[in-house]
Amino acid sequence: VTITIKPTGEDQTIIIGDVIILRNITVFKELDFAKTNFIATVSHELKTPIASIKMSLQLLEKPATGSINTDQKQLIDGIKEDSQRLLKITGELLELSQLETGNIQLNMEKSNPYEIINYAIEAIKVQAEQKQIELRIEAEHNLPEVKADSEKTAWVLINFLTNAIRYSSENSSITVQLKKENNQIAFQVIDTGKGIDSRYKTKIFDKYFQVPGSHKSGTGLGLAISKEFIEAQGGTIGIESELGLGSTFYFKLGIV
Ligand code: ADP
């Protein structure tokens with residue numbers, strides 16, 4: 001490491017010496033592996049009880065006898081939202097730990113793009129309803145199949161949609177678009193939410209990055225994992241956005 005001093009206001013840099021740092025990195029690697037394993041175990045252990053809390057809430061909401069009052073409904077909605085958030089976080093931590101241990105296993109197969117979209121919409125429908133957000137699907141007809149890991153691709157789409165719901169206001173709408181572009185199929189999620197400043201357009205795909213002042217809980221991991229998933233499948237991922245007007249998140253995958 002070369003130590004340099006740059007006095008403020010001056011362009012000149014003075015080199016004052018070199019320092020060599022020797023470290024045995026084996027111990028760091030072992031610690032890192034232990035940490036990643038720990039995160040995987042903990043997030044896995046957390047996921048199951050949270051999922052069962054969610055299921056119980058659905059039952060509580062529609063009691064076999066009698067009915068619930070508005071206060072109780074409000075409480076149930078609050079817990080449902082919290083458990084949804086916890087599920088997102090634990091899901092992201094689990095995927096992250098698998099990526100970090102080099103465990104990304106792709107199951108590439110001929111996949112139907114309409115089925116992937118329907119699966120993702122089904123998974124987030126209730127969240128959208130809670131904010132009275134209208135979901136629109138605009139899909140070209142007779143699209144060919146894509147070569148993809150459908151589970152991982154649906155995960156990315158669900159992440160795009162969850163974000164779109166979080167960063168959009170009530171009573172707005174979100175459009176999911178599917179179209180052919182040369183020898184690829186483009187999947188797009190278009191929202192009319194708060195949008196993203198152009199200076200953060202590439203940063204949002206970095207691990208742990210959250211747009212300053214976005215005031216939403218979360219890990220900043222969803223888009224980083226999405227990028228890894230799509231690029232591992234040979235696809236591309238990106239965003240177009242106008243601050244204050246909305247964002248379009250997209251990915252493109254090759255046709256079979
Ligand atoms: P998280 O949502 O857990 O913070 P993500 O990686 O999914 O992590 O997103 C990173 C950041 O990108 C978010 O914190 C938010 O600031 C911004 N972002 C993502 N999706 C949208 C969107 N649809 N509209 C506005 N901002 C978004």
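Attention here is on the structure that accompanies the text. Chains are numbered independently. Their residues run from 1 in the order of the written sequence. Two thresholds apply to this predicted model, a pLDDT of at least 70 for residue-level local features and 80 or more for giving and counting side-chain atom pairs, whereas whole-chain, interface and lining totals are computed over all residues. The basis for the side-chain values is all heavy atoms of the structure; hydrogens and waters are excluded.

1. Observations concerning the packing of aromatic side chains
Aromatic contacts are taken between Phe, Tyr and Trp rings whose centres are within 6.5 Å, Trp giving its six-membered ring; a plane angle under 30 degrees counts as stacked, one over 60 as edge-to-face, and the others as tilted. Across all of its chains, the model carries five aromatic pairs by this definition. Between W155 and F229 the ring centres are 5.5 Å apart and the planes differ by 75 degrees, which places this aromatic pair in the edge-to-face class. Here W155, found in helix α4 (residues 150–166), pairs with F229, found in helix α5 (residues 222–232); they are 74 residues apart in sequence, far enough to count as distant. Ring centres 4.7 Å apart and planes at 20 degrees place the aromatic pair F187 and F251 in the stacked group. Of the two residues, F187 is situated in strand β7 (residues 184–191) and F251 in strand β9 (residues 246–254); the sequence distance between them amounts to 64 residues. As far as burial versus exposure is concerned, F187 and F251 are alike and both buried. Connected via pairs of aromatic rings, a cluster forms that spans F160, F187, F249 and F251. To qualify as a helix, a DSSP run of H or I must reach at least 4 residues; to qualify as a strand, a run of E must reach at least 2; elements of each kind are numbered from the N terminus. Exposure classes here rest on a 1.4 Å probe applied to the protein chains alone. A residue is buried below 20% of its type maximum, exposed above 50%, and partly exposed in between.

2. What about the pattern of salt bridges?
When a carboxyl oxygen of Asp or Glu lies within 4 Å of a side-chain nitrogen of Lys or Arg, that pair is called a salt bridge. By the definition in use, this model includes 12 salt bridges. For K73, the salt bridge goes to D77, with nearest N and O atoms at 3.1 Å. One end of the pair, K73, and the other, D77, are both in helix α2 (residues 70–100), four residues apart, so they sit about a helical turn from each other. The class for K73 is partly exposed, based on a relative accessible area of 34%. Overall, D77 belongs to the partly exposed group, its relative accessible area being 23%. Residue D82 pairs with R85 through a salt bridge whose shortest N-O separation is 4.0 Å. Of this pair, D82 and R85 both sit in helix α2, three residues apart, which is roughly one turn of that helix.

These figures capture arrangement, not role.
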